[in-house]
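Structural characterization, general
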Amino acid sequence: MKIQFKYPILMALLSTTLSAHALVYEIGLDFSYDKQIYGSNRLNSNVSRSYSAGVSTYLFELTAIDFNVSSSKDTTTQNERYDAGGGYDLVSQQNRMETDVYGIGIKQMLMPRKYRLSPMISVGYARQFLNYTTDITLENRASSVRTSGSSGTSKDRVDSMFGAFILQYRVTDRLSFKGTAKTLFPAVEWNKARDNIKYSVGISWIF
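1. Points about the overall build of the chain
Of the regular secondary structure elements, the chain holds one helix and nine strands. Evaluated residue by residue, the chain yields a buried proportion of 30% over its 207 residues. Partitioning the intrachain contacts of the chain with sequence separation of at least 6 by distance along the chain shows that 60% fall at a separation of at least 24.

2. Quick notes on the pattern of salt bridges
In this structure the tally under the stated criterion is twelve salt bridges. Between arginine 141 and aspartate 89 there is a salt bridge whose closest N-O contact spans 2.6 Å. On the criterion of sequence distance, the pair formed by arginine 141 in the loop between β6 (117-140) and β7 (146-170) and aspartate 89 in strand β5 (residues 88-109) is long-range, its members being 52 residues apart. A salt bridge links aspartate 159 to arginine 127; its shortest N-O distance comes to 3.0 Å. With aspartate 159 in strand β7 and arginine 127 in strand β6, this residue pair connects regions lying 32 residues apart in the sequence. Residue aspartate 159 is classed as partly exposed on the basis of its relative accessible area of 37%.

3. Considering the pairing of β7
Two strands pair when backbone bridges link them, and β6 and β7 are joined in this way by 22 bridges, in the antiparallel orientation. Bridge pairing in β7 links tyrosine 125 to methionine 161. Counting the residues that bridge the hairpin from β6 to β7 gives five residues, and of these serine 144 lies at a positive phi of roughly 65°. The sheet contact formed by β7 and strand β8 (residues 175-186) spans eleven bridges and is antiparallel. Its bridge partner being in β8, leucine 167 is matched across the sheet by glycine 179. With antiparallel pairing between neighbouring strands as the criterion, β7 and β8 make up a hairpin whose turn holds four residues.

Conventions we followed
- Note on numbering: residues in each chain are counted from 1, in written sequence order.
- This being a predicted model, a pLDDT of at least 70 is required before a residue's local features are given, and a value of 80 or more before pairs of side-chain atoms are given or counted; all residues contribute to the totals for chains, interfaces and linings.
- Think of the side-chain values as coming from all heavy atoms in the structure, minus any hydrogens and water.
- Starting at the N terminus, helices and strands are each numbered in turn, a helix being any DSSP run of H or I of at least four residues and a strand any DSSP run of E of at least two.
- Each residue gets one of three labels from its accessible area relative to the maximum for its type: buried under 20%, exposed over 50%, partly exposed in between, using a 1.4 Å probe on protein chains only.
- Two residues form a contact once any of their heavy atoms are found within 4.5 Å.
- Whenever Lys or Arg places a side-chain nitrogen within 4 Å of a carboxyl oxygen from Asp or Glu, that contact is recorded as a salt bridge.
- Pairing between two strands requires that DSSP report at least two bridges joining them.

Next up, the structure:
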């Protein structure tokens with residue numbers, strides 16, 4: 001008889017716990033933009049744009065399940081002239097990488113929600129979908145005729161992990177501004193966590 005009653009008792013305890021702690025939801029939006037100009041004649045550039053959104057479900061006062069999605073585009077453009085051989089110069093090259101990331105993890109607040117400034121950490125699993133494209137332009141040194149070509153798009157999928165540190169400033173009971181430092185790296189390759197860190201700013205809304 002004890003075995004028969006064990007599961008109903010557990011279900012009753014779980015129901016009582018969820019009733020006592022009403023679920024809190026939080027929506028977050030982030031954006032980052034970075035542009036670097038380099039080269040002796042400042043003809044080369046590296047531009048990165050990233051957008052992300054997330055939904056956090058607080059099962060407990062300070063702990064949430066975090067669902068997030070992001071999309072980024074990194075474009076590297078080189079406009080310096082190089083000898084490509086065969087009487088041709090490489091006069092332009094552009095590499096584009098588009099990345100879509102879907103993640104799920106745990107978010108933990110490090111200070112009670114009542115504080116105006118609240119640090120948080122978030123860790124979890126993510127899957128990256130990557131698209132690579134390279135365009136080049138060659139110039140015939142004898143005729144000055146230019147020819148353009150493309151590598152086409154190559155695709156890849158990477159099982160990854162993410163970690164984030166978030167500093168959130170509460171403006172009202174529901175609205176907050178936040179800054180985020182986030183790393184994304186291949187699953188369990190911990191030594192690569194510091195190689196890919198991105199910073200972003202955004203807002204969050206609790207309801």
